[in-house]
Amino acid sequence: MSDQEQPDNPEKPRAAAGGPADAKDQKGPKDQKNAKNAKGAKGSGDPKQGESTPDDTAQHGTGGDDEERDQPQTAWAARRDLIDHSPRSMHVGDRSRFGGGLVGHDQHGVSGGRVTGDVIMGSKTEIHYAIPGLSAPASASGEVPRIVLERLAETFVADEEYMAGLLERLRADRVLVLSGARFTGRHTAALMLLHRLGADPVRTLIRDTSPAALADGFDAEDKAGGYLVSDLATRRDRPLCEPHLLAAKDRLVEQDAYLVVTVGPTAVLEDVPKVEWRPPSAAQVLAAHVRTRADEQTAAKLLDLPDVVEFLTRDHQLREVAAFAVQLGRYAAGEVAADAIAQFSLISLENQVREWFEEDERAIHLRDKAFLVALAAFDGGPYPLTAELSDLLYRFLQETENPTRVAEVPVFGTHIGKRLQLARATRYEEDEHTEWGPVAQQKARFLDERASLVLLRELWTGHPSARPALINWLRRLADDGRPLVRTRAASTVAILARTDLPSAMALVIEVWATSKLFRHRLVAVNSLTLAHLIDTPNIPRILDDWCEGDDERRRWVGVRSYGLIGSERPEQALAALRKAVRRLYENDQDLDLEIGRELADAVGLLLLSSAEERVLAELRQHLDDDRAVRDLTLAGFVNACGRTEGDERYGIPLVLDWYARAVSAGSASAYGIPQLWRAALADLRTTRPALDALRAWVLIADRATATEWALAALLPALVATPEDHQRLSHLLRTMSGEDGKPPPRVAARLLTTLPIR
């Protein structure tokens, strides 16, 4: 949902309570405080940061019209976008908690599954793959030692019926083209085919051999019985054609030799028959390797270890599986501890990420590396969006490499399958949440959900030269009109903050937090919220400082952030909000209505969080502390009363459902909710919005029997004085239906529930 749109339906029958500043005396806001120019973040390592912010129109193309249209998205709508668009690796809200809201009586605060520190902070360990036949094939030609072939034969596993068919075809044709993805065992399978044919010795040829010169690589003086070309390099102007294989076959017949050529899925072939390689499962390969390193009983115990079972659930390459078997053998021999087994999967992933970034441009182009970074930020997002924004990052990376060169992005030439294969990712179709409802999208995600966390950490800490481009990219994302894009900018920065909080704060978050544009500040809110949910230290301390500080923009960010994460420490969060509202009331002539509304929204969110009971108890305890706190409490409560299940127009009111559950369970909320209702209705500052909220509940009750029964149970508890009775009876007797229609029939029925006082 765009920042320019008010997400709450105006026709929805609920109150839109203002903040405590509104409740006090409706004095005007400070002289357009939110239009002040923000100062640069202090402590930034970039001197330009002290001179400008993301507001600069020259940098971001944000003109005056954008600033005029920029409006603060309501806290409830922003919370919904955060839940809908956060990456799966953060488990924000776990859609089962937040999608239905009342399923199992779960609540509506923002909480997340904890991401272990090992994933983001790293293991600081490397694996060097040196498994014969499983490592990347060498670029030079040479004879494969027989001992290597025999060792591979001991652990080789495949569909034997399928292998038999390949052997028969190779024996008859002399040439076999075996197609498949990298690290799926093609190279080993090719060697085993030649070995089983007795084509000894086996000689490898360089992959850069020209297809037209393939036959020239066979030298009778070598006395080779078999030849292997792994990942033959082909291009559109240099395809592998049928005449090339026919010429090779003639030479092979002369030498009584055989040839296997392995190619990738995107190899350029013309009239060349190929066979798709069917790789064995990781479990089969692991079992075969482990049994060569331990007896049958020990091997069975090793394969049943929980860490081994978990390893096999990940999408590991066969070279990683073979290396894991080596580690299991060392564990069985007492050479390594159990921790080495538990960490092996993560270490393998870290090594893969390092390989991606360390490869030169010939192996992995800069544009593909930009795609890897974009996929880490938009993991599980729409593929076209990820590809679009990866090209934007590619431009920034080019500018970093050579500022004098004009950045260029080829319009065509990318292959989706090849890109996703490189990234060890998959494409799938799934609905994407939008402001118009679910929309089917083609999405892409890493096969291992930890990949995005590891990749962003490695990029930020291992390749600091990429930081300027990454920061420019993130700032551009924060300006995007799409909620998904802005949310993913925030989640990316949250991971960077978990890795290096001081740099992330100075270079990105503080710049957003001091922006005059609400959409930038909202990205700062989400960054801090998500950073806290993945265990980044000191986030509450930052929010405390900002809530109590002099900078009204940071205070706005701090207040809204507390509404999202305060459920984990509700007493401390509410204490910070009370300090903020008291500070707001200190200057009687200069009230900031925007901050006042944010404070009320924050209390409303906390009331509907998983800490509902503790929040309600804290509000009741401090209700009569002073005028500022009372206004905050009642405005926040009325705000919460305006929220319905699933944000549906006629969904059950969340506070009313909470009350019904509390009565059934006999909890303290059965008394606390009516207490706040009576206080809100009796206080002149909140009487009108409270009555509006109650009227909305009556209109919903006219359509839902469950809501009517719950409201009928609540209304008697709201009458403690003759004034209470008069106020409620007047509402039920005089209220009209929707759009000027006659009064709803339910109003008369509810009127009978009011006790006479």
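Here the structure is a predicted model, which means the values were calculated and not measured.

**Examining the pattern of salt bridges**
Taken as a whole and assessed by the stated rule, the structure comprises 48 salt bridges. Put simply, glutamate 310 and arginine 314 hold a salt bridge, and the shortest N to O gap is 2.9 Å. A relative accessible area of 33% places glutamate 310 in the partly exposed class. A salt bridge links aspartate 368 to arginine 419; the nearest nitrogen and oxygen atoms lie 4.0 Å apart. Taken together, the residues aspartate 368 in helix α16 (residues 366-377) and arginine 419 in helix α18 (residues 416-422) connect sequence positions 51 residues apart. Taking the relative accessible area as the measure of exposure, arginine 419 reaches 5% and is therefore buried. The structure contains a network of salt bridges with shared partners spanning Asp624, Arg627, Arg630, Asp631, Asp683 and Arg685.

**Remarks on the packing of aromatic side chains**
Taken as a whole and judged by the stated rule, the model has 11 aromatic pairs. Both rings, one in phenylalanine 378 and one in tryptophan 473, keep their centres 6.3 Å apart while their planes meet at 75 degrees; by these two values the pair is edge-to-face. Of this pair, phenylalanine 378 sits in the loop between α16 and β9 (381-382) while tryptophan 473 sits in helix α20 (residues 467-478), and the two are 95 residues apart along the sequence. Of the residues examined, phenylalanine 378 reaches a relative accessible area of 0% and is grouped as buried. Connected via pairs of aromatic rings, a cluster forms that spans Phe311, Phe324 and Phe344. The ring of phenylalanine 183 carries arginine 319 above its face, with NZ or CZ at 3.9 Å from the centroid.

**Focus: the pairing of strand β10 (residues 425-432)**
Each regular strand carries side chains that alternate between the two faces of the sheet. In the sheet, β10 pairs with strand β11 (residues 439-446) via 8 bridges, with the strands oriented antiparallel. In the strand pairing of β11, alanine 425 is matched with phenylalanine 446. Hairpin connection, β10 to β11: the antiparallel pair is bridged by 6 residues, and glycine 437 has positive phi, about 115 degrees.

**Concerning the sheet that holds β11**
Taken in spatial order, the 3 strands make up an open sheet running β9-β11-β10, and their pairing is antiparallel. Looking at strand neighbours, the two that pair on one side only are β9 and β10, the edges of this open sheet. α16 rests against β10 and β11 of the sheet, and its axis sits at about 115 degrees to β11.

**Structural notes on the sheet that holds strand β2 (residues 175-179)**
Strand order across the open sheet formed by 6 strands is β1-β3-β4-β6-β2-β8, with mixed pairing between neighbours. The sheet terminates laterally at β1 (142-144) and β8 (275-276), the two strands that pair on one side only. Along the sheet, helix α8 (residues 160-173) contacts β2, β6 (258-263) and β8; its crossing angle with β2, the most-contacted strand, is approximately 140 degrees.

**What to know about unusual backbone geometry**
Comment: phi is negative for the bulk of residues other than glycine, and the bulk of peptide bonds are trans. The omega torsion of the bond from aspartate 200 to proline 201 falls at -10 degrees, within 30 degrees of zero and hence cis. Within the element layout of this structure, proline 201 appears in the loop between α9 (186-196) and β3 (202-205). The phi dihedral of aspartate 535 falls on the positive side, at around 70 degrees, and the residue is not glycine. Looking at where aspartate 535 falls in the secondary structure, it is placed in the loop between α23 (518-533) and α24 (539-548). A relative accessible area of 36% places aspartate 535 in the partly exposed class. Phi at asparagine 538 is positive, roughly 75 degrees, even though this residue is not glycine. Along the polypeptide, asparagine 538 turns up in the loop between α23 and α24.

**A word on the confidence of the model for the chain**
Per-residue confidence for the chain averages 83 on the pLDDT scale, and 83% of its residues sit at or above 70. Taken element by element, the chain is modelled with least confidence in helix α5 (residues 94-98), mean pLDDT 34, and with most confidence in α20, mean pLDDT 96. Of the regions scoring below 50 in pLDDT, residues 1-17 engages in 51 contacts with residues more than four places distant in sequence or in other chains. Of the regions scoring below 50 in pLDDT, residues 94-117 engages in 73 contacts with residues more than four places distant in sequence or in other chains.

**Digging into the environment of alanine 704**
By the secondary structure assignment, alanine 704 is in the loop between α32 (687-701) and α33 (705-714). Residues alanine 704 and tyrosine 650, 54 residues apart in the sequence, show an inter-C-alpha distance of 8.1 Å.

**Here's the deal with the nonpolar core**
In terms of nonpolar packing, the biggest core is built from 152 residues, with Trp473, Leu577, Trp677 and Leu711 touching the most fellow members. Counting 27 residues, the second largest nonpolar core, distinct from the first, contains Leu166, Leu167, Leu193 and Trp277.

**Overview of the packing of α8 against α9**
Put simply, α8 and α9 touch, their axes get as near as 10 Å, and they point 65 degrees apart. Taken as a pair, α8 and α9 cross one another with a handedness that is right-handed. Residues Glu160, Met163, Leu166, Leu167 and Leu170 of α8 pack against Ala189, Met192, Leu193, Leu194 and Arg196 of α9. Of the residues that constitute the contact of α8 with α9, the class distribution is 8 nonpolar, no polar and 2 charged.

**Describing the environment of glutamate 270**
Within the fold, glutamate 270 resides in strand β7 (residues 269-270). Between the C-alpha atom of glutamate 270 and that of glutamate 242, which follows or precedes it by 28 residues, the distance is 6.6 Å. Excluding its chain neighbours within four sequence positions, the residues that come into contact with glutamate 270 are Pro239, Leu240, Cys241 and Glu242.

**Some words on the pairing of strand β4 (residues 226-229)**
Here β4 shows a buried face lined by Gly226 and Leu228 and a second buried face lined by Tyr227 and Val229. Two strands pair when backbone bridges link them, and β3 and β4 are joined in this way by 4 bridges, in the parallel orientation. Directly across from arginine 203, in β4, lies its bridge partner tyrosine 227. Note: β4 against β6, 4 bridges, orientation parallel. Bridge assignment links glycine 226 to a residue of β6, and that residue is tyrosine 258.

**Some words on the side chain of arginine 424**
By the secondary structure assignment, arginine 424 is in the loop between α18 and β10. The class for arginine 424 is buried, based on a relative accessible area of 14%. Of note is the side chain of arginine 424, whose polar atom sits 2.9 Å from the side chain of glutamate 320.

**A word on the side chain of serine 729**
Secondary-structure assignment places serine 729 in helix α34 (residues 722-734). Judged by relative accessible area, serine 729 falls into the buried class, the value being 7%.

**Brief notes about the packing of helix α21 (residues 483-499) against α23**
The contact between α21 and α23 brings their axes to 8 Å, and the two run at 45 degrees. The angle between the axes of α21 and α23 places the two elements in the oblique class. Like other packed secondary-structure pairs, α21 and α23 cross with a definite hand, here right-handed. Residues Arg486, Ala489, Ala490, Ser491, Val493, Ala494 and Ala497 of α21 pack against Val523, Asn526, Ser527, Leu530 and Ala531 of α23. Residues of the contact of α21 with α23, tallied by class, amount to 8 nonpolar, 3 polar and 1 charged.

**Let's talk about α23**
For α23, spanning 16 residues, the distance from its first C-alpha to its last is 22 Å, which sits close to the expected 22 Å at 1.5 Å a residue. Across the 16 residues of α23, 16 count as buried, placing the element largely inside the fold. Immediately beyond the C-terminal end of α23, within one or two residues, lies aspartate 535, with a positive phi of roughly 70 degrees.

Conventions and cut-offs
Residues numbered from 1 in each chain as written. Predicted model: local features only at pLDDT ≥ 70, side-chain atom pairs only at ≥ 80, totals over all residues. Heavy atoms only, no water. Salt bridge = Lys/Arg side-chain N within 4 Å of Asp/Glu carboxyl O. Buried < 20%, exposed > 50% of the residue type's maximum accessible area, 1.4 Å probe, protein only. Helix = DSSP H or I, 4+ residues; strand = E, 2+ residues; numbered from the N terminus. Phe/Tyr/Trp six-rings, centres within 6.5 Å; stacked < 30°, edge-to-face > 60°. Lys NZ or Arg CZ within 6 Å of the ring centre and 35° of its normal. Pairing = 2+ DSSP bridges. Contact = heavy atoms within 4.5 Å. Axes fitted to C-alpha atoms, helices over the stretch in contact; angles between N-to-C directions. pLDDT = per-residue confidence, 0-100. Core = buried A, V, L, I, M, F, W, Y, C linked by side-chain atoms within 4.5 Å. Left-handed = near helix turned anticlockwise from the far one by under 90°. Nonpolar A, V, L, I, M, F, W, Y, C, P; charged D, E, K, R; others polar. Polar contact = N/O pair within 3.5 Å; in protein donor to acceptor, adjacent residues only side chain to side chain. Parallel < 35°, antiparallel > 145°, perpendicular 65-115°, else oblique. Expected span 1.5 Å × (residues − 1).

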